[in-house]
Amino acid sequence: MIRVGGENKMNRYSISKKDIVIFLIVTFGLTMAMGIVMGLLYSKKPIDSFVLLQMYYPAMGVMVALLYDKEIRKFLPVKLFGGYLFFSITSVLYLVLHILIFDGDPSKHLSYWMVFGSIFLIILYADENDEKIRNSGLKLSVNGKISFRYVILFIILYLFRLTTTFYILGSEPKDILAPLLDPVVLFKIILLPLDFFVAIMPFLGEELGWRYFLQPILQEKVGKRKGVILLGLIWGIWHLPVNLFYNSPAMSPYFILNQLIVCIAYSIFFGLVYMKTENIWTISLIHYINNNLSAVIYSGLEGVDNVFGWKVSLLNFVFFSLLYLPFLCSKEYKGNMEYNRVEVNL
């Protein structure tokens with residue numbers, strides 16, 4: 001049982017099997033349904049919007065499951081969750097209708113809607129009850145100093161892996177280092193955390209589902225270490241539509257293998273950071289940096305039909321293993337479970 005502890009004794013609520021089933025049905029049901037559509041449209045229409053919206057589904061699953069439970073609902077930031085569901089559901093409906101009725105790429109419209117939704121969610125956040133915000137792992141100021149240190153640590157590990165991989169693959173050292181010494185690039189890197197707040201919907205979308213909701217459940221069931229490894233596998237498998245259709249189908253086995261490697265390794269690190277901070281904003285920001293930092297420093301690395309082979313997969317396996325597996329030895333992965341907000345009745 002995951003017990004409530006910490007300095008502030010918050011209200012306790014229990015996650016039931018029904019809540020977990022609803023979460024899985026919504027999260028993976030939407031992913032499978034929209035993934036099939038993505039596969040049918042891959043060669044006919046732009047599919048970037050499917051990737052963006054897939055990041056919403058885990059949070060949608062959590063919010064539907066918890067808001068449906070009357071006993072849990074009173075502990076939650078209902079206005080914030082309701083706002084998120086409004087913007088995510090309208091995004092999905094717009095994408096479906098656009099596919100059926102119109103030609104062209106809806107990604108620009110959906111990106112604008114995402115930015116507007118993110119700003120509106122910040123307004124709702126400011127108006128929510130403080131205790132309910134804490135119950136959802138969304139109190140921005142919780143463990144701020146620890147969070148800052150882990151964000152910096154992640155950037156250091158990320159840049160080490162990225163630059164070393166480029167060097168091994170044949171890039172010249174001067175070409176690797178030049179962007180890191182460019183004042184314009186450095187300024188863009190500094191702005192990344194600020195940009196995050198106009199793009200919170202997709203990153204909160206994933207982290208509310210995987211870290212806030214599913215991580216404590218799996219750790220309660222199979223233990224801290226096995227729990228985050230299992231979560232990494234689930235997280236990686238959830239990416240299948242992206243790996244199969246957004247990237248080149250001919251290279252999909254490499255993308256799938258790489259996705260599993262990355263998700264398991266990051267699940268270990270993200271899981272540690274969440275156990276240390278219980279701050280979903282911290283994990284969401286790290287996730288945002290991971291998805292955007294390379295594009296800021298080295299343009300042209302990502303996109304549809306990326307070429308991805310066994311060398312990169314092997315290098316990623318080596319680097320992600322060396323850099324992130326050792327975190328399993330940290331003290332947070334030992335001892336009894338204790339989260340600050342829920343108990344799980346399995």
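Report on the accompanying structure. (Residues numbered from 1 in each chain as written. Predicted model: local features only at pLDDT ≥ 70, side-chain atom pairs only at ≥ 80, totals over all residues. Heavy atoms only, no water.)

### Some points on the pattern of salt bridges
Quick reminder of the rule: Whenever Lys or Arg places a side-chain nitrogen within 4 Å of a carboxyl oxygen from Asp or Glu, that contact is recorded as a salt bridge.
Scanning the entire structure with this criterion turns up seven salt bridges. The salt bridge partner of Lys 74 is Glu 71, with a shortest N-O separation of 4.0 Å. Among the ionic pairs, Lys 174 bridges to Asp 175, the shortest N-O distance being 3.4 Å.

### Topic: helix H8 (residues 144-168)
Owing to its 3.6 residues per turn, the α-helix aligns residues three or four sequence positions apart on the same side. As a reminder, the rule being used: Helical segments are the DSSP runs of H or I of at least four residues, strand segments are the runs of E of at least two, and each set is numbered from the N terminus. Expected span, for any helix, means 1.5 Å times one less than how many residues it has. Buried residues are those whose accessible area, probed at 1.4 Å on protein chains only, stays under 20% of the maximum for their type, while exposed residues exceed 50% and partly exposed ones sit between those limits. Only heavy atoms matter for contacts: two residues are in contact if any of them lie within 4.5 Å across the pair.
Compared with an ideal rise of 1.5 Å per residue, which puts 25 residues at 36 Å, H8 spans 36 Å between its outermost C-alpha atoms and is within 8% of the ideal. Looking only at H8, the buried set comprises Ser 147, Tyr 150, Val 151, Phe 154, Leu 157, Tyr 158, Arg 161, Leu 162, Thr 163, Thr 165 and Phe 166. The inward-facing, buried residues of H8 contact helix H9 (173-177), helix H14 (252-277), helix H15 (280-297) and helix H16 (310-324). Just beyond H8, the residue with positive phi is Gly 170, at close to 115 degrees.

### Focus on empty space enclosed by the protein
The gaps of empty space that remain are located by a probe, the size of a water molecule, rolled over the atoms. Inclusion rule: Both cavities and pockets are sets of points on a 1 Å grid over the protein atoms alone; in a cavity a 1.4 Å probe fits but cannot get out, in a pocket the set is open with protein on both sides within 12 Å along at least five of seven lines, and lining residues sit with an atom within 4 Å of a point. Grid points are joined across faces, edges and corners, and a volume is the space filled by probe spheres set on the points. Side-chain classes are defined by residue name, with Ala, Val, Leu, Ile, Met, Phe, Trp, Tyr, Cys and Pro counting as nonpolar, Asp, Glu, Lys and Arg as charged, and the others, Gly among them, as polar.
Across all of its chains, the model carries three cavities of 30 Å³ or more by this definition. What the largest cavity holds in volume is close to 90 Å³. As for the largest cavity, its lining consists of Met 63, Leu 80, Phe 81, Tyr 84, Leu 121, Ile 122, Tyr 125, Leu 138, Ile 200, Leu 204, Leu 208 and Trp 281. Contributions of two or more residues to the lining of the largest cavity are made by helix H5 (78-101), helix H6 (107-127) and helix H11 (200-222). For the lining of the largest cavity, the per-class residue count stands at 12 nonpolar, no polar and no charged.

### So, the nonpolar core
Cut-off, in case you're wondering: To define a nonpolar core, start from buried Ala, Val, Leu, Ile, Met, Phe, Trp, Tyr and Cys residues and group those joined through side-chain atoms within 4.5 Å.
One finds Leu 138, Phe 269 and Tyr 324 to be the most contacted residues of the largest nonpolar core, which totals 98 residues. Of the residues forming this core, the biggest block, 12 residues, is contributed by H14. Every residue in contact with Tyr 324, bar those within four places of it in the chain, is listed here: Phe 154, Leu 157, Tyr 158, Ala 265, Tyr 266, Ile 268 and Phe 269.

### Some words on the layout of surface pockets
The calculated volume of the second largest pocket comes to roughly 380 Å³. As for the second largest pocket, its lining consists of 19 residues, of which Ser 147, Phe 148, Val 151, Pro 193 and Leu 285 are closest to the centre. Where the lining of the second largest pocket is concerned, the elements lending two or more residues are H8, helix H10 (183-196) and H15. Among the elements that line the lining of the second largest pocket, the one with the most residues is H8, at six residues. Grouping the amino acids of the lining of the second largest pocket by side-chain chemistry returns 15 nonpolar, four polar and no charged.

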